[in-house]
Amino acid sequence: MKVKNRLKKNEDFDNTIHKGRAYKTTNLAMFVLPNSVGYARVGVSVQTKLGKANKRNKARRQIKAILGNLLDLHIANDYVFIIYKGYNSDEFVLNQKLVTELISRLDK
């Protein structure tokens, strides 16, 4: 994912979470809010309860890799993904299905 497509500022995260629309599964949540930038921006947050830094970073990288193939970055939305404690980064196929399910809810 390119640098311009990253959501970095804390106020952007908070704005997307509090004003955006929420889609949730058991271990993953997605918040979506239209933006005025003209392209998509994505942020991933991981709870510290998931584990140590190496495990959290692996989960974050995995979500970004999955989103690189699934998400249309030309639609002007801010996306925040929050990974919860039960997320298992060793089950890539299952996690890909979870993310695909969340993104498919956007079309409805």
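Everything discussed here concerns the structure shown above.
Computed from a prediction, not measured in an experiment: that's the story for all the values here.

1. Let's talk about the pattern of salt bridges
Think of it this way: side chains of opposite charge can pair up when their charged atoms draw near.
Turning to step 1, where the next piece is worked out: Within this structure, the stated rule accounts for four salt bridges.
Turning to step 2, where the next piece is worked out: Lys 58 is the salt-bridge partner of Asp 90, the closest N and O atoms lying 3.1 Å from each other. Residue Asp 90 is located in the loop between strand S4 (77-83) and helix H3 (92-104), and its partner Lys 58 is located in helix H2 (residues 53-70); the two are separated by 32 residues in the primary sequence.
Turning to step 3, where the next piece is worked out: We classify Asp 90 as exposed; its relative accessible area is 60%.
Turning to step 4, where the next piece is worked out: According to the relative accessible area criterion, Lys 58 is partly exposed, its value standing at 35%.
Turning to step 5, where the next piece is worked out: Measuring nitrogen to oxygen at the nearest pair gives 2.8 Å for the salt bridge that ties Arg 105 to Glu 101.
Turning to step 6, where the next piece is worked out: For Arg 105, a relative accessible area of 28% corresponds to the partly exposed category.

Rules behind the numbers
- Residues numbered from 1 in each chain as written.
- Predicted model: local features only at pLDDT ≥ 70, side-chain atom pairs only at ≥ 80, totals over all residues.
- Heavy atoms only, no water.
- Salt bridge = Lys/Arg side-chain N within 4 Å of Asp/Glu carboxyl O.
- Helix = DSSP H or I, 4+ residues; strand = E, 2+ residues; numbered from the N terminus.
- Buried < 20%, exposed > 50% of the residue type's maximum accessible area, 1.4 Å probe, protein only.

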